[in-house]
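Fold and geometry: a report
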Amino acid sequence: MSAFPMGIEHVVFFAVLGVLLLGWMTSILLYMKNLNTLKTKYPKLFESLGRPHIFSTNKASNLKVRQFFRDGAYRKLNDPDLEKQINLQKTFNMLFFIFISVFVVLLFLGRIFL
């Protein structure tokens, strides 16, 4: 039994899957843009973070970059453009996480009560 009309479940599923894929790609692109800005504007800082890249397997470098973004150390650079970019990425990731969480909860509740 479904809350949707017969046959529409697949459309909803693939629409949500498309939104998830688009959100994931957007998150990666925002992260790449932030790393590229750090690389071009602040090469010494980029080096001190371990020359991070998008699909890095260097855990120490990944941890340094996450701490740099999370702790707000980028604000000390007094670069409003970089600050705006990183805040955009953080806000997008938070909203994307909320979207995924709501979707999973609704999917779970739909399976229980229908």
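A brief report on the enclosed structure follows. (Residues numbered from 1 in each chain as written. Predicted model: local features only at pLDDT ≥ 70, side-chain atom pairs only at ≥ 80, totals over all residues. Heavy atoms only, no water.)

Our focus in this paragraph is the nonpolar core. By size, the foremost hydrophobic cluster in this structure holds 11 residues: Y31, L35, L38, F46, L49, V65, F68, F69, Y74, L82 and I86. Excluding residues that lie within four positions of it along the chain, L49 makes contacts with L38, S61, K64, V65 and F68. (Core = buried A, V, L, I, M, F, W, Y, C linked by side-chain atoms within 4.5 Å. Buried < 20%, exposed > 50% of the residue type's maximum accessible area, 1.4 Å probe, protein only. Contact = heavy atoms within 4.5 Å.)

Time to look at a nonpolar patch on the surface. Where nonpolar side chains cluster on the molecular surface, the patch consists of M94, L95, F97, I98, V102 and L106 and spans about 620 Å² of accessible area. One can find F97 in helix α4 (residues 80-113). Residue F97 is classed as exposed on the basis of its relative accessible area, which comes to 58%. (Patch = residues over 30% accessible without salt bridge, like charges linked within 9 Å, V, L, I, M, F, W, Y side chains within 5 Å. Areas by Shrake-Rupley, 256 points an atom, 1.4 Å probe, with all protein chains shown as cover. Salt bridge = Lys/Arg side-chain N within 4 Å of Asp/Glu carboxyl O. Helix = DSSP H or I, 4+ residues; strand = E, 2+ residues; numbered from the N terminus.)

Between its terminal C-alpha atoms helix α3 (residues 59-70) stretches 16 Å, which fits the 16 Å expected from 12 residues at 1.5 Å a residue. Burial in α3 covers these residues: S61, V65, F68 and F69. For α3, the angular spread of buried residues about the axis comes to 95°, placing them on one side. Exposed residues on α3 whose side chains face more than 90 degrees from its buried face are K59, R66 and R70. Directly after α3, the chain includes G72, whose backbone phi takes a positive value near 80°. (Expected span 1.5 Å × (residues − 1). Arc of directions from axis to C-beta.)

The computed volume of the second largest pocket comes to approximately 400 Å³. Residue lining of the second largest pocket: 13 residues in total, with Y31, R66, F69, Q89 and N93 positioned closest to the centre. If you list the elements that add at least two residues to the lining of the second largest pocket, you get α1 (8-41), α3 and α4. With five residues, the top contributor of residues to the lining of the second largest pocket is α3. Of the residues belonging to the lining of the second largest pocket, the class tally is six nonpolar, four polar and three charged. (1 Å grid on protein atoms, 1.4 Å probe; cavity = no way out; pocket = protein on both sides within 12 Å on 5 of 7 lines; lining within 4 Å. Points joined across faces, edges and corners; volume = space filled by probe spheres on them. Nonpolar A, V, L, I, M, F, W, Y, C, P; charged D, E, K, R; others polar.)

Turning to the packing of aromatic side chains, a few remarks are in order. Per the stated rule, a full pass over the model turns up four aromatic pairs. For the ring pair Y31 and F69, a centre distance of 6.1 Å and an interplane angle of 85° mean the geometry is edge-to-face. Here Y31, found in helix α1, pairs with F69, found in helix α3; they are 38 residues apart in sequence, far enough to count as distant. Each member of the pair, Y31 as well as F69, carries the same accessibility label: buried. Each ring, one from F92 and one from F96, has its centre 6.0 Å from the other, and the planes form 10°; the classification is stacked. Here F92 pairs with F96, and both are found in helix α4, just four residues apart, close to one helical turn. Of the residues examined, F92 reaches a relative accessible area of 25% and is grouped as partly exposed. A network of ring pairs unites the aromatic residues Y31, F68, F69 and Y74 as a single cluster. (Phe/Tyr/Trp six-rings, centres within 6.5 Å; stacked < 30°, edge-to-face > 60°.)

With that out of the way, let us pick up the side chain of S27. Mapping S27 onto the fold places it in helix α1. Excluding residues within four positions of it along the chain, S27 makes contact with F92 and N93.

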